[in-house]
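Structural characterization, general
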Protein chains: 2
Amino acid sequence: MNYPGGIKTKKIVKTNKNISYKNRGMNLEDDLNSTNNYYKDKGIAYIYKKPTPIKLVKVDYKKGKIEEAYFDSPSTTDYNGIYKGYYIDFEAKETENIKGFPLINIHKHQIEHIRNINKENGICFLIVRFTKYNKTYLLESKDFIDYLDNNKKSVIPISYFDEKGYNIKDKFIPRVDYLEIINNILEVRYGKTKES
Amino acid sequence: MNYPGGIKTKKIVKTNKNISYKNRGMNLEDDLNSTNNYYKDKGIAYIYKKPTPIKLVKVDYKKGKIEEAYFDSPSTTDYNGIYKGYYIDFEAKETENIKGFPLINIHKHQIEHIRNINKENGICFLIVRFTKYNKTYLLESKDFIDYLDNNKKSVIPISYFDEKGYNIKDKFIPRVDYLEIINNILEVRYGKTKES
């Protein structure tokens, strides 16, 4: 592929009424990327954000240049990888909503995927940050599905995250240390976690 | 995102002197996609091809249209997912080479990734199709790494695939039934495979 010199990638800013990327410090995606880099550098876990799916329309293959393309909706979650030999799979979202997490943020195909991974015994969860409170939660797929199957509301209230989820405390390094919580979940699930 | 009506995605044809997508029937990528869809539909495994990484340069977010972007090199393998609770990770390549598999087909970062997943006890492997012989092999990451660490040649000879790898027989449904071989590998590794 050709990489013409001097091209700088613009900072990509997503806008969506339910997802905000403007906030005090770094956004959740940046925090998770730096956390996953930390895990990788330390040889703790290998978890990656999947590239954004794109529908290619016009490509100049000689130049390796995409001239027309469109964003595609994801059919799976954004992050997956391996930790202590276990399959890890999660979706991460920020919301400015002050009452809870609007379910419109998770696509139908993603919900189907989360159900599949949950059934297959993967370590599957959501990481949701409520930007107005600067609080970040981890909610296991089983509790997420339980909510979907037993409620008709389009928003998961914050109280549900408080009751069923885990609060991920802000840290300096790594920023969002979600594997600390996964260790607890593995202990509850398997008694003692297998070593990598 | 907007999807202006009437746009048809061109069939994307990759060209590379070592990778060929012209061949008798379907190419390896299509075969693997249909195989993975079969596994998913039957609830056997959830394994996906990751989207191609793209470097965005110019985007019209109002229209959801990418106006300038470039292909980026992958830092991980193309496929990953879960089977019977195990983490599955692999790279798939076709080659027209008649002597073996040219290592130039696997990027440096991908090799590093394969080493990491292997160390972390993931089920990691290559699927390589030699188009001139219409033969498809699965080579476990440990044997791939072993070759890299003990040889200075830039091509893994077909004889090495015959000796260390597994030949994946062509089938009608699913096309490339690699999980049949993974079952053997799991039995060798864990004695009895855990049930999902």
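Residues numbered from 1 in each chain as written. Chains lettered and ligands numbered in written order. Predicted model: local features only at pLDDT ≥ 70, side-chain atom pairs only at ≥ 80, totals over all residues. Heavy atoms only, no water.

When you go through chain A residue by residue, the secondary structure sums to five helices and 10 strands. Within chain A, the fraction of its 196 residues that count as buried is 49%. Once local pairs closer than 6 in sequence are excluded, the contacts in chain A between residues at least 24 apart make up 66%. Looking at chain A as shown, the accessible area adds up to about 10000 Å², and 49% of this sits on carbon and sulfur atoms. (Helix = DSSP H or I, 4+ residues; strand = E, 2+ residues; numbered from the N terminus. Buried < 20%, exposed > 50% of the residue type's maximum accessible area, 1.4 Å probe, protein only. Contact = heavy atoms within 4.5 Å. Areas by Shrake-Rupley, 256 points an atom, 1.4 Å probe, with all protein chains shown as cover.)

Enumeration over the complete set of coordinates arrives at 25 salt bridges over all chains. In this structure, Lys171(A) and Asp177(A) form a salt bridge, with 2.7 Å as the shortest nitrogen-oxygen distance. Asp78(B) is the partner of Lys49(B) in a salt bridge, and the nearest nitrogen-oxygen pair spans 3.8 Å. Residue Lys49(B) is found in strand E1 (residues 45-49), and its partner Asp78(B) is found in the loop between strand E3 (65-71) and strand E4 (79-83); the two are separated by 29 residues along the sequence. We classify Asp78(B) as buried; its relative accessible area is 17%. Through salt bridges with shared partners, a single network forms among Asp31(A), Glu94(A), Arg129(A) and Arg175(A). (Salt bridge = Lys/Arg side-chain N within 4 Å of Asp/Glu carboxyl O.)

A few words now on helix H2 (residues 108-119) of chain A. Between the first and last C-alpha of H2(A) there are 17 Å, a value that for 12 residues agrees with the 16 Å anticipated at 1.5 Å per step. Burial in H2(A) covers these residues: Gln110(A), Ile111(A), His113(A), Ile114(A), Asn116(A) and Ile117(A). Buried residues along H2(A) sit in contact with strand E5 (86-95), strand E7 (123-130) and helix H3 (141-150) of chain A together with E1 and E4 of chain B. (Expected span 1.5 Å × (residues − 1).)

Moving on, we come to the packing of aromatic side chains. Residue and element names in this part refer to chain A. Scanning the model with the defined rule gives 27 aromatic pairs over all chains in all. Seen from their ring centres, Tyr-39 and Tyr-178 are 5.5 Å apart, and the 85° between their planes marks the pair as edge-to-face. Taken together, the positions of Tyr-39 in helix H1 (residues 28-41) and Tyr-178 in helix H5 (residues 178-190) put the pair 139 residues apart, joining distant regions of the chain. For Tyr-39, a relative accessible area of 2% puts it in the buried group. The class for Tyr-178 is buried, based on a relative accessible area of 0%. An aromatic cluster is present here, built from Tyr-38, Tyr-39, Tyr-79, Phe-90, Phe-125 and Tyr-178 joined pairwise through their rings. (Phe/Tyr/Trp six-rings, centres within 6.5 Å; stacked < 30°, edge-to-face > 60°.)

All names here are of chain A. Of all six residues making up strand E8 (residues 135-140), five are buried, and the element is well covered by its neighbours. Pairing of E7 with E8, which is carried by six bridges, proceeds in the antiparallel orientation. Within the sheet, the bridge partner assigned to Leu-126 lies in E8 and is Leu-139. Taking the residues that link successive antiparallel strands as the turn, the E7-E8 hairpin has four residues, and the phi of Asn-134 there is positive, at about 50°. Bridge count for E8 against strand E10 (residues 166-168) is three bridges, and the pairing is antiparallel. The residue bridging Tyr-137 from the neighbouring strand is Asn-167, located in E10. (Pairing = 2+ DSSP bridges.)

Attention now moves to the nonpolar core. Counting residues in each nonpolar core, the largest one holds 46 residues, and the members touching the most others are Phe144(A) and Phe144(B). Residues contacting Phe144(B), with those up to four places away along its chain left out, are Leu103(B), Ile106(B), Ile111(B), Ile114(B), Leu126(B), Leu139(B) and Ile156(B). (Core = buried A, V, L, I, M, F, W, Y, C linked by side-chain atoms within 4.5 Å.)

Turning our eyes to something else, we now look at unusual backbone geometry. Residues and elements named next belong to chain A. Here the bond from Ile-173 into Pro-174 is cis, since omega is -15°, no more than 30 degrees from zero. Residue placement: Pro-174 occurs in the loop between E10 and H5. In the Ramachandran plot, Asn-134 falls in the positive-phi region, its phi being about 50° despite a non-glycine side chain. Mapped onto the elements, Asn-134 comes out in the loop between E7 and E8.

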